[in-house]
Amino acid sequence: MKVFKSGNRQRNITKVYISKIKILPLAHKRGLLLSVNMSYLLSCCLYVWLILLPVRTSALNEEIEVLVILPKNNSYIFSISRVTPAIEYAKKLSGELYPGLNFSVHYENSDCGNEALFSLVSRSCMKKPDLILGPVCEYAAAQVVRMASHWNIPVISAGALATGFSHKEKEYSHLTRIAPSYLKMAETFSALFEHFSWKSVLLIYDDDKEERNCYFTTEGVHSSLHLEDYNVEFFIIDSRAHKVDTEEIIKHIYDSEVVIMCAEADIVRDIMLAAHRKRLTNGSYIFFNIELFNSSSYGNGSWKRGDKYDADAKLAYAALNVVTLMRTVKPEFEMFSTEVKKSIQKAGIGADSANINMFVEGFHDALLLYALALHEVIKNGSNKKDGVQITQSMWNRTFEGIAGQVSIDENGDRNGDFSVMTMADTQTGTYEAVFNYFGINQSLQMMPGFNSDRFTLRERHRAHVPEHPDKSCGLGVSAVTGIIVGALLGTALLMAFYFFRKNYRITIERRTQREECDIGKHRQLREDSIRSNFSAA
Amino acid sequence: MGLSCQLGRGKPPLLLLQLLILLSWGPDPALASPPERRDRAGLREVVLAVILPRNNTAYPWSWPRVGPALERALGRINADPALLPAHRVRYVFENSENEAGICSESIAPLVAVDLKFSHSPWAFIGPGCDYTSSSVGLFTTHWGLPMVTAGAPAIGFYDTNVYNSITNTGPTHKKLGQFAVHLQRHFGWRRHALLMFSDNKVDDRPYYFAAEGLYSELGSDNITTADLVLNEQAGPVPFATFLQDIKQSGRVVYVCCAWDTFRQLMVNFRKAGLPQEEYVFFYIDVFGRSLDSRPARPWAKGDADDPIAKEAFRSVKIVTYREPQNPEYKEFVTDLKADAKRLFNFTMEDSLMNLISGGFYDGVMLYAQALNETLALRGGGMPPGKDITKRMWNRTYYGVTGLVQIDENGDREIDFALWDMTDIDSGIFQIVSVYNGT
């Protein structure tokens, strides 16, 4: 549409009106033509007004269709009911910052699977959305992001944390990740390994073969450590298929210095208890557990269960370090947290004490980031349909999110800050942060609670021989027991041989006597036969 | 549509009136239901969406191979008013390959959705690759549209809970597995079989899926299986280790891999001096690529190992599809080759891959017939895909590839051929037995 110059505006409109009025008297005679021309006149007015409209209004004025694709099922901590209040809050906030942007948000069920893509496609039949938030689950996100990138629609997710999404040249070009990916978390480990000069690591993870969160978490750690020359070993467990064999795991731990685990809290506890029984928690090995999402609904992460192993577990967990997201607290966050919790309780979901997890914060910040980027893009002359520009505008920038500063790197991934927590008080069993890792400058900050003893590998017996043979192990016979048994058997054998040897000797003698008799007989016969032969000759 | 997006809020009602008048003149906005298209002759248009690899002729279902057959089928349907009265069929094509020329399961759903939005097809023809067919098959099930293919042989597609829109008029690995069960019964081998296959996990994994068919069917016949996986991409194949495994875990060995690898395996087998009479190797070569020479000498490569290979191949039997024996097929292949040369500048050889093209031809004809019957009952616009699909299942149709018998799950009953060395001196292989799936 052409934009008329402001000076000519009035004159052009008048011209149009006059030309139409001239025609009118002629049409007056035919009623039908009159109505037709009136419509034509009105349509022309409409066109003209619409042309003027963007010129007249100087403020930003856009209707943004937002499609949120998340699971409906509330067993996910990023379900629609949990995230909706955060997005509504962000909408209000954006309304104050950018009054012209009007977000119209629709929620669709991703079912953490193929349903996500179907929901997107069903919704896009008539009109495609302008922004997609989510999905979080890896496999759902992969399909949705591919389709969205194909359609030039920006996608922002607080999930899609797998390493594969870092490759944004083609398939995932329109994805911005507002929460730090597993690869970012793994940078913490790289920094620790470099700092302490550790060389070998055992990665233990539970692969449930469906959503595979721990698989992708461990993949991030492996990708990061693999780049340096560390010796990385794996132990994969499948808690749904088989019972976890902690003895087998312990055997694999002997060859590594560091153990990094990703599994449900109960399994981690079992492993730590088994390690404690075998005295591996005495400082010869460093244990890590990855527990990222700041939410108590991922299982009781602490050692306490109320069973008979609590005391041992507390001692075992003194050697366990937990890698988690760093918590920052802003005054604005408190208000946000209260409002979101209120809405969630109204929705009828259980009131957990820590309901505001990384995903809820992330989707709030996602909407703000989009508003920020769109505002810039429109100022530069483009519009909401330019997915590439909007995505580029969201990358390589820092802004204030609801829980603190949000820094997006030049690849569209959030730089993350992580904390390493250890048990500060072995009496009460409480944890505190000893390290903070800042993703934005990749620096490791030591906290006052840091005790270098905890992180230094103690001299340890390199052999596989434990100090106390475990007779209750059954098939796991220790070498010492073997030696003792062997010695006993050897002695028994020698004694048996000694006694048996005497019998044997007697037998030999008897046989020899008989042989002599026989030989004598034979000799005689031979001599006879020879004689007879000779005589014949 | 664009105008309605640019209007802001709170405008006077007069504008709304103007808008209404304008819209009543203007073109219709995007319709909620697929438009009923009629061409100039007043015939209703049936659009078929075709998703196949455009250029890579290594696939038996690539466009230069299937395109001529499809053109011929549509030509026949449109020319004969009795086949599908009052309708005209046309197709729209999209490529399922990525830049590397490999069929891609990420590109396929994108083009499927684009085709659905732009053309509102009545059915999908293809894809052929397993992973690609899976993503498109999930969509067609979701949309309730029939999908007809002669590819997609993996046994996963037999699951009608997930893929209930797919009708397969070509050979599938479930039927291959059933043939293996029949073979084991025939020879009296009731206990155990060893499956060896190549899998590099990055392509469409054809050997893996073939072995999966065998594994599944043999397993349900109470025959235990062990598997050995080769990966030619991961360095030189450790044949010595594999022969050890074969010695320990199997006497009846099914091998699905490239011909060259199989030949090397047999040469190594012979060189290892294992007692040949105790072993039998079934080489699954469904398209008979090792038997291309006339007369068939699958052991011959023209290198120094030929005599050893000839000896080794005495323990080998080769499983292939059976070429349709009906006269229409020969005519079809002749036409196919001529059309391929003319339309796609592609020289097609005589091979068993042509039966895939025949399968697609018969699939389209069967679809047209089922559509005709469904329309005759209900009339009206596009019928629900479920009805048409149901009509294609559990029925018999006589097509260019002979008797097309579709079972109650949408898979076709197929015939197999077993090749064996009939003359030990010359080493020639011939068909010794034929399995009639129907």
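Not measured: the values here are computed from a predicted model.

Helix and strand counts for chain A stand at 14 helices and 15 strands. For chain A, buried positions account for 46% of its 537 residues. Across chain A, contacts joining residues at least 24 apart in sequence account for 69% of those joining residues at least 6 apart.

We now examine the pairing of strand 6 (residues 192-198) of chain B. All names here are of chain B. Within strand 6, six of the seven residues are buried, which leaves the element mostly enclosed by the surrounding structure. Judged from the seven bridges that link them, strand 6 and strand 7 (residues 224-230) form a sheet pairing that is parallel. Its bridge partner being in strand 7, histidine 192 is matched across the sheet by threonine 224. Traced from strand 6 through helix 7 (residues 206-220) to strand 7, the parallel crossover comes out right-handed. Bridge count between strand 6 and strand 8 (residues 252-256): four bridges; the pairing is parallel.

Next up on the list: the packing of aromatic side chains. Inspection of every chain in the model, using the stated rule, returns 50 aromatic pairs over all chains. Aromatic side chains phenylalanine 262 of chain B and tyrosine 283 of chain B sit 4.2 Å apart centroid to centroid with 5° between the ring planes, which places their arrangement in the stacked category. Taken together, the residues span a long stretch of sequence, with phenylalanine 262 of chain B in helix 9 (residues 259-271) and tyrosine 283 of chain B in strand 9 (residues 280-284) at a distance of 21 residues. The buried category is assigned to tyrosine 283 of chain B, whose relative accessible area is 2%. Residues phenylalanine 287 of chain B and tyrosine 321 of chain B carry aromatic rings whose centres are separated by 5.5 Å and whose planes lie at 80° to one another, so their mutual orientation is edge-to-face. A residue pair is termed long-range when its members are at least 10 positions apart, and phenylalanine 287 of chain B in the loop between strand 9 and helix 10 (306-312) and tyrosine 321 of chain B in strand 10 (residues 316-321) qualify at 34 residues. In this structure phenylalanine 287 of chain B comes out as buried when scored by relative accessible area, which is 11%. Site record: aromatic cluster; members linked through ring pairs are Phe189, Phe193, Phe196, Trp198, Tyr230, Phe288, Phe435, Phe450 and Phe455 of chain A. A cation over an aromatic ring shows up here: lysine 174 of chain B above the ring of tyrosine 158 of chain B, its NZ or CZ 4.5 Å from the ring centre. Lying across the ring of tyrosine 208 of chain B, arginine 205 of chain B places its NZ or CZ 4.1 Å from the centre.

Let us look at the environment of leucine 369 of chain A. Residues and elements named next belong to chain A. Here leucine 369 shows up in helix 12 (residues 358-379). Judged by relative accessible area, which is 0%, leucine 369 ranks as buried. In this structure the C-alpha to C-alpha distance between leucine 369 and threonine 398, which are 29 residues apart in sequence, comes to 9.4 Å. Contact partners of leucine 369, with chain neighbours within four places excluded, come to Thr176, Ile178, Met394, Arg397, Phe399 and Ile408.

Another aspect to go through is the sheet that holds strand 1 (residues 44-52) of chain B. All names here are of chain B. Read across the sheet, five strands follow the order 2-1-3-4-5 without closing on themselves; strand pairing throughout is parallel. If you trace the sheet from one side to the other, it starts and ends with strand 2 (87-95) and strand 5 (166-168), each paired once. This sheet shows a mean twist of 25° between the axes of neighbouring strands, independent of strand direction. Contacting strand 1, strand 2 and strand 3 (123-125), helix 3 (residues 63-79) runs over the sheet at an angle of about 165° to strand 2. On the sheet, helix 5 (residues 130-143) packs against strand 1, strand 3, strand 4 (147-149) and strand 5 and is oriented at approximately 150° with respect to strand 4.

Let us now look at the UniProt feature "domain: Receptor ligand binding region" (unreviewed entry) in chain B. Residues given the UniProt feature "domain: Receptor ligand binding region" (unreviewed entry) here are residues 66-423 of chain B. In this annotation, residues 66-423 of chain B is assigned 43% helix and 18% strand; the end-to-end C-alpha distance for the span is 37 Å.

The subject of this paragraph is the state of the cysteines. Disulfide: a covalent bond connecting the sulfur atoms of a pair of cysteines. Residue and element names in this part refer to chain A. The tally for this structure, following the rule as stated, stands at three disulfides over all chains. For cysteine 214, the disulfide goes to cysteine 262, at an S-S distance of 2.1 Å. Measuring the twist about the S-S bond at about -75°, one finds the cysteine 214-cysteine 262 disulfide to be left-handed. Of this pair, cysteine 214 sits in helix 7 (residues 213-227) while cysteine 262 sits in strand 8 (residues 258-262), and the two are 48 residues apart along the sequence.

Quick look at helix 8 (residues 239-249) of chain B now. Residue and element names in this part refer to chain B. All buried positions along helix 8 are accounted for by Phe239, Phe242, Leu243 and Ile246. End-on view of helix 8: buried residues confined to an arc of 100°, all on one side of the axis. Exposed and facing more than 90 degrees away from the buried side of helix 8 are Ala240 and Gln248. Packed against the buried residues of helix 8 are strand 6, strand 7, strand 8, helix 9 and strand 9.

The next subject is the nonpolar core. Residues Leu133, Ile260, Phe288 and Phe455 of chain A are the most contacted members of the largest nonpolar core, which totals 122 residues. The greatest single-element share of this core, amounting to 13 residues, is contributed by helix 12 of chain A. In this structure, Ala150, Ala180, Val252 and Ala340 of chain B belong to the second largest nonpolar core, which totals 78 residues.

Let us look at unusual backbone geometry. That bond from glycine 134 of chain A to proline 135 of chain A is cis: its omega, -10°, falls within 30 degrees of zero. Here proline 135 of chain A is to be found in the loop between strand 3 (131-133) and helix 5 (138-150). The omega torsion across arginine 294 of chain B and proline 295 of chain B is 0°, close enough to zero to call that bond cis. Within the chain, arginine 205 of chain B stands out as a residue other than glycine whose phi angle is a positive 55°. Assignment of secondary structure puts arginine 205 of chain B in the loop between strand 6 and helix 7. Here arginine 205 of chain B falls in the buried class, since its relative accessible area comes to 14%. With a phi close to 65°, asparagine 222 of chain B is a non-glycine residue in the positive phi region. Looking at the element boundaries, asparagine 222 of chain B is found in the loop between helix 7 and strand 7.

Before going further, it helps to spend a moment on helix 5 of chain A. Residues and elements named next belong to chain A. In this model helix 5 runs 18 Å from its N-terminal to its C-terminal C-alpha over 13 residues, within 8% of the 18 Å that 1.5 Å per residue would give. Extensive coverage of helix 5 is indicated by the burial of ten of its 13 residues. Looking one or two residues beyond helix 5, the residue adopting positive phi is asparagine 152, at roughly 60°.

Close inspection of predicted coordinates is inappropriate in any region flagged by low pLDDT. Residues and elements named next belong to chain B. The pLDDT averaged across chain B works out to 88; a share of 91% of its residues lies at or above 70. With pLDDT under 50 throughout, residues 1-11 is counted as low confidence; its partners more than four residues away or in other chains account for 13 contacts. Note that residues 22-33 has pLDDT below 50 and, in this model, eight contacts with residues that lie over four places away or in other chains. Scoring of the predicted complex yields 0.77 for pTM and 0.81 for ipTM.

What follows is about the side chain of glutamine 184 of chain B. Residue and element names in this part refer to chain B. The residue glutamine 184 is located in helix 6 (residues 173-187) in this model. On the accessibility criterion, glutamine 184 (0% relative accessible area) is buried. A polar contact of 2.8 Å, which involves the side chain of glutamine 184, links it to the backbone oxygen of tryptophan 189. Beyond its immediate sequence surroundings of up to four residues, glutamine 184 is in contact with Trp189, Arg190, His192, Ala193, Leu218, Ile223, Val252 and Tyr254.

What counts and how
- Residues numbered from 1 in each chain as written.
- Chains lettered and ligands numbered in written order.
- Predicted model: local features only at pLDDT ≥ 70, side-chain atom pairs only at ≥ 80, totals over all residues.
- Heavy atoms only, no water.
- Helix = DSSP H or I, 4+ residues; strand = E, 2+ residues; numbered from the N terminus.
- Buried < 20%, exposed > 50% of the residue type's maximum accessible area, 1.4 Å probe, protein only.
- Contact = heavy atoms within 4.5 Å.
- Pairing = 2+ DSSP bridges.
- Right-handed = clockwise from strand over helix to strand, strands pointing away.
- Phe/Tyr/Trp six-rings, centres within 6.5 Å; stacked < 30°, edge-to-face > 60°.
- Lys NZ or Arg CZ within 6 Å of the ring centre and 35° of its normal.
- Axes fitted to C-alpha atoms, helices over the stretch in contact; angles between N-to-C directions.
- UniProt positions renumbered as here; feature names shortened; annotations may be inferred.
- Disulfide = S-S within 2.5 Å.
- Arc of directions from axis to C-beta.
- Core = buried A, V, L, I, M, F, W, Y, C linked by side-chain atoms within 4.5 Å.
- Expected span 1.5 Å × (residues − 1).
- pLDDT = per-residue confidence, 0-100.
- Polar contact = N/O pair within 3.5 Å; in protein donor to acceptor, adjacent residues only side chain to side chain.

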